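Structural description and commentary
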Amino acid sequence: MNDNILLKMENVTKTFPGVVALDEVDFTVKKGEIHALLGENGAGKSTLMKCLIGMYSVTDGKIWFDGDYIENYTMRDSIEMQISMIHQELNPVLHKTVMENIWLGREPKNKFGLIDHKKMYDMTLDLFKRINIDIDPKAMLLNLTVAKIQMIEIVKAISYNAKLIIMDEPTSSLTDKEVEQLFIITKELKSQGISIIYISHKLEEIFELCDSVTIFRDGQYVDTRPISEIDTETMISMMVGRKVNNLFPKDDFETEIGKVRLNVKEISDGVNFKNISFDLKEGEILGFAGLIGAGRTEVMESLFGVNPITEGEIIIDNQKTAIRHTDDAIDNGIAFLTEDRRKTGIFPMLSVGYNLVSASIDSYKSKFGLLNTKAIKEDAEAYIDTFGIKTPSQETNIENLSGGNQQKVLIAKWLLTKPDILILDEPTRGIDVGAKTEIYRTMAKMAYTGKSIIMVSSELPEVLGMSDRIVVMHEGRITGILENKGLDQQIIMEYATGERDDFSDKENEVLEEELV
Amino acid sequence: MQTEQTEAQQILKEKERKANYTIMAKKYLIVIILILMIIGLSILNPSFLRFNNILNILTQISIYGILSLGVFIVIVSKGIDLSVGSILAFAGIVAAAVSQTSAAIDQVFPNVGMAPIGITILVALLMGGILGAINGSLIAYFKIPAFIATLGMFTAARGAALMVSGGRPVSNVNPSISFFGSRLFGIIPVPVVIYATVIIIIGIMMKFTSFGKSVYAIGGNIDAAKVSGIKVKRNITIIYMICGVLAGLAAIIHMGRTGGSIQPGAGMGHELTAIAGATIGGTSHSGGVGTVWGAVVGALILGVLVNGFTLLGINAYVQQIVQGVIIVAAVLLDMRKAAD
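What counts as what
- Residues numbered from 1 in each chain as written.
- Chains lettered and ligands numbered in written order.
- Predicted model: local features only at pLDDT ≥ 70, side-chain atom pairs only at ≥ 80, totals over all residues.
- Helix = DSSP H or I, 4+ residues; strand = E, 2+ residues; numbered from the N terminus.
- Buried ≥ 20, exposed ≤ 12 C-beta atoms within 10 Å, placed from the backbone.
- Contact = placed C-beta atoms within 7 Å.
- Pairing = 2+ DSSP bridges.
- Axes fitted to C-alpha atoms, helices over the stretch in contact; angles between N-to-C directions.
- Core = buried A, V, L, I, M, F, W, Y, C linked by C-beta atoms within 7 Å.
- Nonpolar A, V, L, I, M, F, W, Y, C, P; charged D, E, K, R; others polar.
- Parallel < 35°, antiparallel > 145°, perpendicular 65-115°, else oblique.
- Left-handed = near helix turned anticlockwise from the far one by under 90°.
- Domains from an automatic or database assignment.
- Arc of directions from axis to C-beta.
- pLDDT = per-residue confidence, 0-100.

1. Topic: the environment of methionine 85 of chain A
Residue and element names in this part refer to chain A.
- Examined against the element boundaries, methionine 85 turns out to sit in strand β6 (residues 83–86).
- Given 23 C-beta atoms within 10 Å, methionine 85 falls into the buried group.
- Expressed as a C-alpha distance, the spacing of methionine 85 and isoleucine 53, which sit 32 residues apart in the sequence, is 7.5 Å.
- Not counting the four nearest positions on each side in its chain, methionine 85 is found in contact with Met49, Ile53, Ile166 and Asp168.

What follows is the structure in structure tokens.
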């Protein structure tokens, strides 16, 4: 084997009951390179990585690491072989300190066999110095941001002297600044000879950071290329197997915007947001932009009856409407695709069929209150077809589907409630390009048929690409409601950070000017 | 080129088919175990398969089988109910106390006379329902963990049964109650008929009503259930209430079988047998997973085991050890299923 090669996986196949997740794929990583692994959700990236770290055993195929042929190993073994993975969803021990998390289960001991906290502290600082980060080793994890917790995971990987670090969508919940810092650290690791496998859907990141890229599609290997010999368009067409012409298909529809459907007047929940007022018209897509923690999700939760409002009123079709519980919202024609698919979206162990009808199940009641299971089956089948949901059958548990397909199920679920107002909270988070365009197209189509859509999103290109108007929030308040004409990311960011504010108290402003 | 592709597809299909077989085999594993047990016992002791013995087994399991179905619903909703045995005792004692024969009641309240049997049934079901609803409300509205809330009820309801009865068995119950321990047409035991009816009703409820589906949804992901417009708190209360009503029903059968008397200690330990039955039947304690037929097969396995071992003359202590092993083994199999 070539000296330059750190990892070689050959003809790897992995099957699950009813699904072939990986079909004879190859994957090779060189020493000291940042290698992107790219593919749509369900392409098999995560499965391959889980095989690599010993979480799954491969059904067939061979793996060499650092010159040795390896097989039948556990996750523990893989850590000892110096392979580390930074998972997409981090599972730290929140009630312990930074250093305790890093050295969990292998704490340095003093001569009495007790934990030597002083030594642990010094060892932690040494590691931090290696990649120039500044965190207090004695801080509780509870009080740290996601970005910092992620860095601690990276430090943990280094503490095992990892030769290979796998990063699974590390930037999905980071701010731009934090992403920058992550990139600096990642490049630092590379300069120390560590290889990185970088999984991400964000193509611009891959171009900025990676040396080469391997593309998977539907559990099969497509190609591996140096980053300099590939462009965005080729990457996308390799991922989806066809050309994607127009990412935001909104302009394909000539949608007419009608009268006001929803009017929100000065609502507050007493904690997360106050004095929120906006309206939403028929056929309109209203974007909600803002930084993480600006209170956008909380506003939507209150509109939908998940949490109560303490002040203000909600007017739907000129009728003052009390929404005390989520079924009031559904009865009033509101649908709510939540931000966190796993936590508040899917019923993981239940079938795709049930997940589809879970919000509209009462409409299938016949006389005697029994469900018309035949109609449920037919509708589920029809929506699986229309939305192109890839699933072995509607009896399959939804947890076995890829993220993009789960999201399609959830969107279909809400359309089955026949809503007039759709609230979509981060509708394309963690979803690949192919599924994204399909979701955009569905949104545009819905607006065209007269439905009103609120789209909360932290991805500015999608907000700018899809919205008719954009509401920007900053720290629980609306700072701007903007017509989407001649806007750019810069302007929205100014509103999102509170630099610009169209609704600030005028008197205060005057006062401030006088003081200056 | 084309043949190559079809060949690849065939291999793929073959792989999928094999995977599907394993799913099927695992799904019906407990049925296979039950059948193997029955075959084994019939070979060892041919009298096992006699018609009367089969009816005997079914009669024996009807009480905790019914309790097991209630607990099954609770476990699917990701809860637990430790109180069904105590609720059985309390509901039975109260129902027995209001259903005394004229001769007995005249000594305290002359000229009141005996209450109709309908009152007995109603009171038993009502008491069960009320205690169950208390369990459910504590869990749904006051956010008390199900284990704690029903542990409290386990202790308190038993205490209440002892208090109402003064610690003594209550007898002299309306003789019509013996109907619930008798045999229809002299052949089919009434407890078995009731058990079968409950199986059918619960079966329909879990599969063909939106309430039943919501039980799976609540157990599967309570936050998503709330967002989907399910009245989570109300439904949790109803779930525990149903469990309580079934405990009341079990109390009626209990009194029927004892010929009209009930002790304040009745149903002791039944809560654990009920949980065991549902668990052996593949009801997952992580919520959202379980079938009615599974819970029934689970109860049958326990019944067949006790009956078969008794026929074979194996001592009761050994039976208990085997029961324990089976419960753990069933969950172990279940977890391996989940891990794959």
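2. A short note on unusual backbone geometry
- Look at aspartate 66 of chain A: it is not a glycine, yet its phi comes out positive at around 50°.
- Along the chain, the position of aspartate 66 of chain A falls in the loop between β4 (60–65) and β5 (68–70).
- If you check the backbone angles, lysine 78 of chain B has positive phi at about 70° while not being a glycine.
- Structurally, lysine 78 of chain B can be placed in the loop between α3 (51–76) and α4 (84–97).
- In this structure lysine 78 of chain B comes out as buried when scored by C-beta crowding, with 21 C-beta atoms within 10 Å.

3. Brief notes about the sheet that holds strand β19 (residues 469–474) of chain A
All names here are of chain A.
- Pairing is mixed across the open sheet formed by six strands, whose spatial order is β16-β17-β18-β13-β19-β20. Single-partner strands in this sheet number two, and they are β16 (334–337) and β20 (477–483). Geometrically, the sheet is characterised by an average inter-axis angle of 15° between neighbouring strands, direction not taken into account.
- In this sheet, β20 lies alongside β19 in antiparallel orientation, the contact comprising six bridges. Residue pairing across strands places arginine 469 opposite glutamate 483, the latter belonging to β20.

4. Regarding the sheet that holds strand β2 (residues 19–30) of chain A
Residue and element names in this part refer to chain A.
- Taken in spatial order, the four strands of this open sheet run β2-β1-β4-β5, and their pairing is antiparallel. Each edge of the open sheet carries a strand with a single partner, namely β2 and β5. Strand after strand, the sheet turns through a mean of 20° between neighbouring axes, direction not considered.

5. Section: the nonpolar core
- Ranked by size, the top nonpolar core spans 171 residues in total, and within it Ile423 of chain A together with Phe90 and Leu246 of chain B carry the most contacts.
- Looking at this core element by element, the count peaks at 17 residues for helix α11 (residues 232–257) of chain B.
- If sequence neighbours within four positions are ignored, leucine 246 of chain B has contacts with Ile66, Leu67, Leu69, Gly70 and Val198 of chain B.
- One finds Leu127, Met167, Tyr198 and Val433 of chain A within the second-largest nonpolar core, a separate group that totals 58 residues.

6. Section: the interface of chain A and chain B
- Every contact between the two is made by 29 residues of chain A and, on the other side, 25 residues of chain B.
- Of all the elements in the fold, those that place two or more residues in the side of chain A that touches chain B are β1 (5–16), α10 (326–331) and α11 (341–345) of chain A.
- Residues belonging to the side of chain A that touches chain B are distributed by class as follows: 16 nonpolar, nine polar and four charged.

7. A few points about the packing of helix α14 (residues 403–415) of chain A against helix α15 (residues 433–448) of chain A
All names here are of chain A.
- The N-to-C vectors of α14 and α15 enclose an angle of 15°; their axes lie 10 Å apart at closest approach. If you check the angle between α14 and α15, you find them roughly parallel. Note that α14 runs across α15; the crossing there is left-handed. Here α14 contributes Gly404, Gln407, Lys408 and Ile411 to the contact with α15, which in turn contributes Ala435, Ile439 and Thr442.
- When its residues are assigned to classes, the contact of α14 with α15 shows three nonpolar, three polar and one charged.

8. Some points on the domain arrangement of chain A
Residue and element names in this part refer to chain A.
- Here the domain parsing of chain A yields domain 1 (5–240), domain 2 (258–333 + 420–516) and domain 3 (347–418).
- Taking the mean C-alpha position of each, domain 1 and domain 2 sit 36 Å from one another.
- Partitioning the side of domain 1 that touches domain 2 into residue classes produces three nonpolar, four polar and two charged.

9. Here's the deal with helix α8 (residues 232–240) of chain A
All names here are of chain A.
- Regarding α8, the residues found buried are Met235, Ile236 and Met239. In an axial view of α8, the angular spread of the buried residues amounts to 95°, which keeps them on one side of the axis.
- Where α8 is buried, its residues touch β3 (34–38), α7 (203–209), β9 (212–217) and α15.
- Where α8 ends, the next residue or the one after it, glycine 241, has phi of about 80°, a positive value.

10. What about the pairing of strand β7 (residues 164–168) of chain A?
All names here are of chain A.
- With four of five residues buried, β7 is to be regarded as a mostly interior element.
- Here β7 runs beside strand β8 (residues 195–199); their pairing, made up of five bridges, is parallel. In the strand pairing of β8, aspartate 168 is matched with isoleucine 199.

11. So, the packing of helix α6 (residues 117–140) of chain B against α11 of chain B
- It is the contact of α6 of chain B with α11 of chain B, at a shortest axis distance of 6 Å, that shows an interaxial angle of 150°. The handedness of the crossing between α6 of chain B and α11 of chain B comes out as right-handed.

12. Quick look at the confidence of the model for chain B
Residues and elements named next belong to chain B.
- Averaged over every residue, the pLDDT of chain B is 87; the share at 70 or more is 89%.
- By mean pLDDT, the top-scoring element of chain B is α11 (96), and the lowest-scoring one is helix α1 (residues 2–27) (61).
- Quick note on the complex model: pTM equals 0.76, ipTM equals 0.81.

13. Here's the deal with the environment of lysine 50 of chain A
- If you trace the backbone, lysine 50 of chain A turns up in helix α1 (residues 45–52).
- Other than its neighbours up to four places away in sequence, lysine 50 of chain A contacts Met55 and Tyr56 of chain A.

14. Observations regarding the environment of threonine 186 of chain A
Residue and element names in this part refer to chain A.
- Relative to the helices and strands, threonine 186 is located in helix α6 (residues 176–191).
- Note on threonine 186: 21 C-beta atoms within 10 Å, which makes it buried.
- Each C-alpha atom, one on threonine 186 and one on glutamine 489, is 27 Å from the other, the two residues being 303 residues apart in sequence.
- Residues contacting threonine 186, with those up to four places away along its chain left out, are Ile34, Ile196 and Leu209.

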